[in-house]
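Here is what each chain is made of, one letter per residue.
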Amino acid sequence: MKQLALTFLIVLISITSWSKDKKAPLIGDKAPSFTEKTTNGILNFPEDFGTNWKILFSHPLDFTAVCTSELCGLARNQEKLNALGVKVAVVSIDEIDRHLLWKEFMERVLKDEGTNTKIEYPIVADLSGEVSKKYGMLHHSVNDKRDVRGVFIIDPDNIIQAISFYPMNVGRNMDEILRTVEALQLTQKENVLTPMDWQPGDDVLVPHKPYTSDELEQNPELKGQYYQKGEYMWFKRMKK
């Protein structure tokens, strides 16, 4: 009986451990590491991107219309991403040779638009599906062999700060991804919050009343730097 109870306990611990290992990462979690072949060579993610902000961007299938529009959009925004200190890796369950052919095709599409834009970001060949499993990009009720459209925004300490998933038939909004990165960077740097529909340069919220009566008496200019809406919302002016 003792042996049976011990066996049951070991199995229970093993199942619990397996469940934890298979859990998709959440906001605030450390970004899972992986090493895979890419169109730029071997990538150790996120370590190879150092102290940059990082985006892991998944797509369902090479040479498809929506995916092509998205990855061309990423290429068009490489300068903006570089200016924000963001490194991007794209992942799908396709082999490296197919990725390389697709990359050439997309660069021809970009050239036809009148630019010589090159795709700088690596496209990961997640042929085993291990990367997709680690990041919860395989939604089995939809398709257990193709990634949904996932976006993981990761800070310089490799902590996941934002996650979004889109279905296979809806392309993502690059402006919203850039806006989210800028909001995250600002809120971390300034200890502020961004309200609904915030755009870079807009006023921001502060998490508490920004000054005491004594502080205002000592520095009357504080009153012009902040304003209140309702009982709980204090805003900091960002535009001078």
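This one's a predicted model, so the numbers in the text were calculated from it and none came from an experiment. (Residues numbered from 1 in each chain as written. Predicted model: local features only at pLDDT ≥ 70, side-chain atom pairs only at ≥ 80, totals over all residues. Heavy atoms only, no water.)

When its secondary structure is counted, the chain shows eight helices and 10 strands. Against the 2.2 N^0.38 benchmark of 18 Å for 240 residues, the chain shows a C-alpha radius of gyration of 23 Å, more extended than a compact globule. Projected onto its principal axes, the C-alpha coordinates of the chain cover approximately 75 × 65 × 30 Å. Relative to its 240 residues, the chain shows a buried fraction of 39%. By sequence separation, contacts in the chain at least 24 residues apart represent 66% of the contacts at least 6 residues apart. (Helix = DSSP H or I, 4+ residues; strand = E, 2+ residues; numbered from the N terminus. Rg over C-alpha atoms; globule rule 2.2 N^0.38 Å. Buried < 20%, exposed > 50% of the residue type's maximum accessible area, 1.4 Å probe, protein only. Contact = heavy atoms within 4.5 Å.)

Residues three or four positions apart in an α-helix share a direction because the helix packs 3.6 residues into each turn. Taking 1.5 Å as the rise per residue, helix 4 (residues 96–112) with 17 residues should run 24 Å; its terminal C-alpha atoms sit 24 Å apart, in good agreement. Among all positions in helix 4, only His99, Trp102, Lys103, Met106, Glu107 and Leu110 are buried. Buried residues of helix 4, viewed axially, fall in a sector of 140°; they line one side. Residues of helix 4 that are exposed and point over 90 degrees away from its buried face: Asp97, Leu101, Lys111 and Asp112. Residues of helix 4 that are buried sit in contact with helix 2 (65–76), strand 4 (86–92) and strand 5 (123–125). Positive phi shows up at Gly114, right after helix 4, with a value of about 100°. (Expected span 1.5 Å × (residues − 1). Arc of directions from axis to C-beta.)

Turning our eyes to something else, we now look at the pattern of salt bridges. Enumeration over the complete set of coordinates arrives at eight salt bridges. Put simply, Glu130 and Lys133 hold a salt bridge, and the shortest N to O gap is 3.5 Å. Of this pair, Glu130 and Lys133 both sit in helix 5 (residues 130–134), three residues apart, which is roughly one turn of the helix. One salt bridge in this structure joins Glu190 and Lys236, with 3.8 Å as the shortest N-O distance. In this pair, Glu190 is assigned in helix 6 (residues 174–190) and Lys236 in strand 10 (residues 233–236), connecting sequence segments 46 residues apart. Assessed through its relative accessible area of 35%, Glu190 is described here as partly exposed. On the basis of relative accessible area, Lys236 is assigned to the partly exposed category, the value being 23%. (Salt bridge = Lys/Arg side-chain N within 4 Å of Asp/Glu carboxyl O.)

Moving on, we get to the environment of Gln185. For Gln185, the position within the fold is in helix 6. As for Gln185 and Asp155, which are separated by 30 residues in sequence, their C-alpha atoms are 8.5 Å apart. When neighbours within four sequence positions are excluded, Gln185 is seen to be in contact with Trp53, Leu84 and Val86.

Another aspect to go through is helix 6. Taking 1.5 Å as the rise per residue, helix 6 with 17 residues should run 24 Å; its terminal C-alpha atoms sit 24 Å apart, in good agreement. For helix 6, the complete set of buried residues consists of Met174, Ile177, Leu178, Arg179, Thr180, Val181, Ala183, Leu184, Gln185 and Leu186. A side-chain oxygen of the first residue of helix 6 lies 2.9 Å from the backbone nitrogen of Asp175; this N-cap is Asn173. Residue Asn191 follows helix 6 closely and has a positive phi angle near 55°. (Polar contact = N/O pair within 3.5 Å; in protein donor to acceptor, adjacent residues only side chain to side chain.)

So, on to the packing of aromatic side chains. If you walk through the whole model with that rule in mind, you get 10 aromatic pairs. With a centroid separation of 5.1 Å and 5° between ring planes, the pair formed by Tyr227 and Phe235 is classed as stacked. Here the two residues Tyr227 and Phe235 agree in accessibility, since each one is buried. Joined through ring pairs, the aromatic side chains of Phe34, Phe45, Phe49, Tyr135, Phe152 and Phe165 make up one cluster. The ring of Phe57 carries Arg172 above its face, with NZ or CZ at 3.7 Å from the centroid. The ring of Phe235 carries Lys229 above its face, with NZ or CZ at 5.2 Å from the centroid. (Phe/Tyr/Trp six-rings, centres within 6.5 Å; stacked < 30°, edge-to-face > 60°. Lys NZ or Arg CZ within 6 Å of the ring centre and 35° of its normal.)

Estimates place the volume of the largest pocket at around 180 Å³. Every residue lining the largest pocket is listed: Asn40, Phe49, Gln78, Leu81, Asn82, Val86, Lys87, Val88, Glu120, Tyr121 and Pro122. Those elements giving two or more residues to the lining of the largest pocket turn out to be helix 3 (78–83) and strand 4. Looking at the lining of the largest pocket residue by residue, the class counts come to six nonpolar, three polar and two charged. (1 Å grid on protein atoms, 1.4 Å probe; cavity = no way out; pocket = protein on both sides within 12 Å on 5 of 7 lines; lining within 4 Å. Points joined across faces, edges and corners; volume = space filled by probe spheres on them. Nonpolar A, V, L, I, M, F, W, Y, C, P; charged D, E, K, R; others polar.)

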